[in-house]
Amino acid sequence: MLKIALDLDGVLADTMRLWIKLWRRRTGQIIEFEDLDEWDFWKKLGINEGEFMDMMNDAWRLWKIMPPTEDSLSEKVKEIKKFGKVDIVTARPRVTERYVLNWLRLHKIPYDEYVWIRSCREKPSLNYDVYIDDSPLIVDGCMRRRKLLILYDRPWNKLIQENIYVRRIKSLSQVYEILRRLENES
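Procedures and definitions
- Numbering of residues starts from 1 in every chain and runs along the sequence as written.
- Per-residue local features are limited, in this predicted model, to residues with pLDDT of at least 70; the limit for side-chain atom pairs, both in listing and counting, is 80 or more; totals at the level of whole chains, interfaces and linings are taken over all residues.
- No hydrogens and no water enter the side-chain calculation; it runs on all heavy atoms of the structure.
- When the centres of two rings from Phe, Tyr and Trp lie within 6.5 Å, Trp using its six-membered ring, the rings pair. Their planes under 30 degrees apart give stacked, over 60 give edge-to-face, and anything left gives tilted.
- Each helix is a run of H or I in the DSSP string that is no shorter than four residues. Each strand is a run of E no shorter than two, and both are numbered from the N terminus.
- We call a residue buried when its accessible area falls under 20% of the maximum for its residue type, exposed when it is over 50%, and partly exposed in between, using a 1.4 Å probe and counting protein chains only.
- Whether a charge lies above a ring is judged from NZ of Lys or CZ of Arg, which has to be within 6 Å of the ring centre and within 35 degrees of the ring normal.
- Residues enter a nonpolar core if they are buried and are Ala, Val, Leu, Ile, Met, Phe, Trp, Tyr or Cys, with the set joined through side-chain atoms within 4.5 Å.
- What makes two residues a contact is simply this: any of their non-hydrogen atoms within 4.5 Å.
- At least two DSSP bridges between two strands are required for those strands to pair.
- We call a crossover right-handed when, viewed with both strands directed away from the observer, the connection leading from the first strand over the helix to the second proceeds clockwise.
- Here, expected helix span is obtained from the residue count minus one, scaled by 1.5 Å.
- By construction, the arc corresponds to the directions joining the helix axis to the C-beta atoms.
- To obtain each axis, a line is fitted to C-alpha atoms, and for helices this fit is confined to the stretch in contact; angles are then taken between N-to-C directions over 0 to 180 degrees.

### A closer look at the packing of aromatic side chains
Part 1 of the reasoning: According to the stated counting rule, one finds nine aromatic pairs in the structure shown.
Part 2 of the reasoning: Taking the centre distance of 5.3 Å and the plane angle of 90 degrees together, the rings of Trp 19 and Phe 41 count as edge-to-face. You can see Trp 19 sitting in helix 1 (residues 15-27) and its partner Phe 41 sitting in the loop between helix 1 and helix 2 (49-61), a full 22 residues away along the chain.
Part 3 of the reasoning: The class for Trp 19 is buried, based on a relative accessible area of 0%.
Part 4 of the reasoning: Their ring planes at 20 degrees and their centres at 6.0 Å tell us that Trp 42 and Phe 52 sit as a pair that is stacked. Taken together, the residues span a long stretch of sequence, with Trp 42 in the loop between helix 1 and helix 2 and Phe 52 in helix 2 at a distance of 10 residues.
Part 5 of the reasoning: One aromatic cluster is present, built from ring pairs that chain together Trp 19, Trp 23, Phe 41, Trp 42 and Phe 52.
Part 6 of the reasoning: One Lys or Arg, Lys 3, reaches over the ring of Tyr 128 and ends 5.5 Å from the middle of that ring.
Part 7 of the reasoning: Sitting over the ring of Phe 33, Arg 17 keeps its end group 3.8 Å from the ring centre.

Written out as structure tokens, the structure is:
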């Protein structure tokens, strides 16, 4: 049985689409999703990380209208759970935890544990076999530790190249096939 770390923002919850709407409402500036082509894209907007995170937290306060990244998330995560333990692993600020847990319940996302960490960079050092994530910041750590990173395709991780430890997906339904092949190889 595999231990699988499933990310929240950008993989399950389409947080950035709601963030863009909040940004437009507050500033009048139109940003397209594809414009978010760097992890810290917010620097180009002339704001600091604290301001960016404040708006992310505001987005989570609107958890009832937070869109999922794709349809049928619950069923897709159920398929992934057939391979082992699936934990939601996130560095999302603690102040939003109740909104996140409500969102997970609303969308009927099955998981074993909700694991909070201080920084997403910590993820590769945790005791998981597989990471399903959108962050380019964990690529090197996963490769160094020889852990599989299933990278959810996003504009901010486009420059990451696939290799033996990094597999790119456009939908969570592709995870099942990757894990099935992995299981057959062992």
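### Some points on the nonpolar core
Part 1 of the reasoning: Membership of the largest hydrophobic core comes to 48 residues, with the highest contact counts inside it found for Leu 12, Trp 19, Trp 103, Ile 132 and Leu 172.
Part 2 of the reasoning: In terms of residues, this core owes the most to one element, helix 1, which gives six residues.
Part 3 of the reasoning: Residues within four places of Trp 19 in sequence aside, it is in contact with Ile 31, Phe 41, Leu 45, Ile 47, Phe 52, Met 55 and Met 56.
Part 4 of the reasoning: Core analysis: the next-biggest nonpolar cluster, separate from the first, contains 13 residues, Tyr 128, Tyr 131, Val 139 and Leu 149 among them.

### Quick look at the pairing of strand 3 (residues 113-116)
The two faces of a sheet get side chains in turn, since along a regular strand they alternate between them.
Part 1 of the reasoning: Note that strand 2 (residues 84-90) and strand 3 share four bridges and pair parallel. Looking at the pairing, Thr 90 lines up with Trp 116 of strand 3.
Part 2 of the reasoning: Since strand 2 and strand 3 lie parallel, the crossover through helix 4 (residues 97-106) that links them has a hand, and here it is right-handed.

### A word on the pairing of strand 1 (residues 2-6)
Part 1 of the reasoning: Here strand 1 pairs with strand 2 via five bridges, running parallel. Within the sheet, the bridge partner assigned to Leu 2 lies in strand 2 and is Gly 84.
Part 2 of the reasoning: Pairing of strand 1 with strand 4 (residues 130-133), which is carried by three bridges, proceeds in the parallel orientation. Across the sheet, residue Leu 6 finds its bridge partner in strand 4, namely Ile 132.

### A few points about the environment of Val 86
Part 1 of the reasoning: Relative to the helices and strands, Val 86 resides in strand 2.
Part 2 of the reasoning: With a relative accessible area of 0%, Val 86 lands in the buried category.
Part 3 of the reasoning: It is 25 Å that separates the C-alpha atoms of Val 86 and Ile 65, two residues lying 21 residues apart in sequence.
Part 4 of the reasoning: The contacts of Val 86, once residues within four sequence positions are left out, are Ile 4, Leu 6, Ile 80, Lys 81, Tyr 111, Asp 112 and Glu 113.

### A few points about helix 1
Part 1 of the reasoning: The first and last C-alpha atoms of helix 1 sit 18 Å apart over 13 residues, in line with the 18 Å expected at 1.5 Å per residue.
Part 2 of the reasoning: Listed as buried for helix 1 are Thr 15, Met 16, Leu 18, Trp 19, Ile 20, Leu 22 and Trp 23.
Part 3 of the reasoning: Gly 28 lies just past helix 1 and shows a positive phi near 80 degrees.

### A word on helix 3 (residues 73-81)
Part 1 of the reasoning: Of all the residues in helix 3, the buried ones are Leu 73, Ser 74, Lys 76, Val 77 and Ile 80. Looking down the long axis of helix 3, one finds its buried residues gathered within 165 degrees of arc, a one-sided arrangement.
Part 2 of the reasoning: On the buried face of helix 3, the contacting elements are strand 1, strand 2, helix 4, strand 4 and helix 6 (173-185).

### Some details on the sheet that holds strand 3
Part 1 of the reasoning: With parallel pairing, six strands are arranged side by side in an open sheet as 3-2-1-4-5-6. On the outer flanks of this sheet lie strand 3 and strand 6 (166-169), each paired with one strand and no other. Taking the axes of each pair of neighbouring strands and ignoring which way they run, one obtains an average angle of 25 degrees across the sheet.
Part 2 of the reasoning: Running at roughly 150 degrees to strand 3, helix 4 makes contact with strand 2 and strand 3 of the sheet.

Purely geometric numbers; function is a separate question.
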